[in-house]
Amino acid sequence: MTTPIWDFLQGYLQEGLCRFHMPGHKGFGPLGCEEWDITEVDGMNSLYEDAGLIAWSERNTASLFGSGATFYSTEGSSQCIRAMLHLALQNRPAGTPPVILAARNVHKAFVYAAALLDFEPVWLWPEGENTSLCACPITPEGLARTLSTLHTPPAAVYVTSPDYLGNLADIEGLANVCHHWGTLLLADNAHGAYLRFLSPSRHPLDLGADLCCDSAHKTLPVLTGGAYLHISKSAPKELPAQAKSALALFGSTSPSFLTLASLDLCSAQLAGDYPARLAETVRRLESLKADLRRRGWTLAGDEPLKLTLDAAAYGWPGPELAEHLRTGGVEPEYADREYCVLMASPDNLPEDFPFAADSLDCAVRKNPLPRPVLPLAKGEQVLSIREALFAPQEPVRAAESLGRICGAPTVSCPPAVPIAVSGERIGPEALALFRHYEISPVAVLRE
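Notes on the structure in this doc start here. (Residues numbered from 1 in each chain as written. Predicted model: local features only at pLDDT ≥ 70, side-chain atom pairs only at ≥ 80, totals over all residues. Heavy atoms only, no water.)

### Some words on the packing of helix H1 (residues 4–15) against helix H2 (residues 53–65)
Step number 1: Contact geometry of H1 with H2 gives a least axis separation of 8 Å together with a crossing angle of 140°. Overall, the two elements H1 and H2 adopt an arrangement that is oblique. In this structure, H1 contributes Pro4, Ile5 and Phe8 to the contact, and H2 contributes Leu53, Ile54, Trp56, Ser57 and Asn60.
Step number 2: Each residue belonging to the contact of H1 with H2 can be placed in one class, and the counts come to six nonpolar, two polar and no charged. (Axes fitted to C-alpha atoms, helices over the stretch in contact; angles between N-to-C directions. Helix = DSSP H or I, 4+ residues; strand = E, 2+ residues; numbered from the N terminus. Parallel < 35°, antiparallel > 145°, perpendicular 65-115°, else oblique. Contact = heavy atoms within 4.5 Å. Nonpolar A, V, L, I, M, F, W, Y, C, P; charged D, E, K, R; others polar.)

Right, here's the structure in full:
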């Protein structure tokens, strides 16, 4: 697999040119990586051009993912989310309203996109008991029922899979329903770039999604901010030609070439021994999961590279278990009141897995903590997301927000899944969730 961006950077360094161009560090600095950090010098094209070295590298990556087209982002999946929503809306049938049907556990980037693009989200709510804001299980049957209630098909259906707790949606089933109803399926696959390299693949593109974003940096050997926007081979043929403009609409004209080089080099690894290393990592993690179950731990989720511990079932609040792990030398990805999440990759050392097991083994089992069924905060939509997000706002204590109109989306961090969405009137259900996730203050419209 060729690495055109990396090869150019190496050649540029070997020339030893005097840098009378940006950036201001001129290749020197305390980090040690400054020499590789350049701008669009002669021979290196812009990220948003359809030709040149970057486009060559993107084609390499598209061949690895089996996509119709793949495009780079140096601003994470947030840029890709906005771009793929823009593409779906831009290509909706003439005369149909700008509506996106979305599972409620969206990242806040989706809400910001709704404000910027001025579309109306219609929410898909979790089916069955709701015990975490991060999860929103949607079945194909439930999706079909919702689609049957709409006057016209939405511009797209939008799901987050995998979610933060490691739950994988039935992408194949959801895609079949979407295509039956004549709409696109968009997948926020930020946590699942590696799914393509399992055997068999479990990547959304291979299961029928039309567009998806991957945060390459979350699970692949890529610097933070590196992401992909993928367009399926079966998606409308207009989309690839419009994708660069859609990304440029939301992206900086000064992308990080360090991040671009890492995306370029990642493709060479993916074309090499990465699938074998991934398979071995999955085996190690499955062995760890089986061992933990034998020791009495309850696990959640079915994503191969996530270890989601049901801390509450073991008698621990999630943040306390996370602190216990840190004390033992293990830094987890995320914790809330019920769960503690660890993420692995092929770049974890083999000894990391038994080390984590030993740290967890030191956690004394206690009586299970009560697990409340969380209410669905179906707030009344008083204003559009765009109107509310750009209106004057003020912070108030969460306990004093009842009846106020949400300004900025109020989220449980770090997953950034909204409890209240801009333009919704905050009801008692949202207040209960604010208390559960210990969120305060809340941004509301100024009265």
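### Some remarks on helix H6 (residues 171–180)
Step number 1: Residues of H6 that are buried include every one of Ile171, Gly173, Leu174, Ala175, Val177 and Cys178, and no others.
Step number 2: Contacts made by the buried residues of H6 are with helix H5 (140–149), strand S4 (156–160), strand S5 (184–188) and helix H7 (204–207).
Step number 3: One or two residues past the end of H6 sits Gly182, with phi positive at roughly 75°. (Buried < 20%, exposed > 50% of the residue type's maximum accessible area, 1.4 Å probe, protein only.)

### Regarding the packing of aromatic side chains
Aromatic rings considered in pairs are described by the distance between their centres and by the relative angle of their planes.
Step number 1: Per the stated rule, a full pass over the model turns up 11 aromatic pairs.
Step number 2: Taken together, a centroid distance of 6.2 Å and an interplanar angle of 45° make the contact between Tyr72 and Tyr228 tilted. With Tyr72 in strand S1 (residues 69–73) and Tyr228 in strand S7 (residues 227–231), this residue pair connects regions lying 156 residues apart in the sequence. Neither Tyr72 nor Tyr228 differs from the other in exposure class; each is buried.
Step number 3: Their ring planes at 45° and their centres at 4.7 Å tell us that Phe110 and Tyr158 sit as a pair that is tilted. Linking Phe110 in helix H4 (residues 108–117) with Tyr158 in strand S4, this pair joins segments that are 48 residues apart in sequence. Taken as a pair, Phe110 and Tyr158 share a single burial class, namely buried.
Step number 4: In textbook terms, an aromatic cluster arises when at least three aromatic residues are bridged by ring pairs, as seen for Phe65, Tyr72, Phe197, Tyr228 and Tyr274.
Step number 5: Between the NZ or CZ atom of Arg104 and the centre of the ring of Trp123, over which it lies, the distance is 4.8 Å. (Phe/Tyr/Trp six-rings, centres within 6.5 Å; stacked < 30°, edge-to-face > 60°. Lys NZ or Arg CZ within 6 Å of the ring centre and 35° of its normal.)

### As for the nonpolar core
Step number 1: If you look at the biggest cluster of nonpolar residues, it comprises 75 residues, and the most contacted ones within it are Leu85, Tyr158 and Leu220.
Step number 2: It is helix H3 (residues 76–90) that provides the largest number of residues to this core, a total of eight residues.
Step number 3: Look past the residues within four positions of Tyr158 in its chain and what remains in contact with it is Ile81, Met84, Leu85, Ile100, Leu101, Ala102, Ala103, Val106, Phe110, Leu186 and Asp188.
Step number 4: Counting 22 residues, the second largest nonpolar core, distinct from the first, contains Leu285, Leu309, Ala311 and Ala322. (Core = buried A, V, L, I, M, F, W, Y, C linked by side-chain atoms within 4.5 Å.)

### Some thoughts on the sheet that holds S7
Step number 1: The seven strands lie next to each other as S1-S7-S6-S5-S4-S2-S3, forming an open sheet whose pairing is mixed. What marks the edges here is a single partner per strand, and that holds for S1 and strand S3 (120–124). When strand polarity is set aside, the average angle formed by the axes of neighbouring strands in this sheet is 20°.
Step number 2: Where S5 lies against strand S6 (residues 211–214), three bridges are found, and the strand directions are parallel. Paired with Leu186 across the two strands is Leu211, which belongs to S6.
Step number 3: Packed on one face of the sheet, H5 meets strand S2 (99–103), S3 and S4 and runs near 155° to S2.
Step number 4: Seen against the sheet, helix H10 (residues 257–270) touches S1 and S7 and runs at an angle of roughly 135° to S1. (Pairing = 2+ DSSP bridges.)

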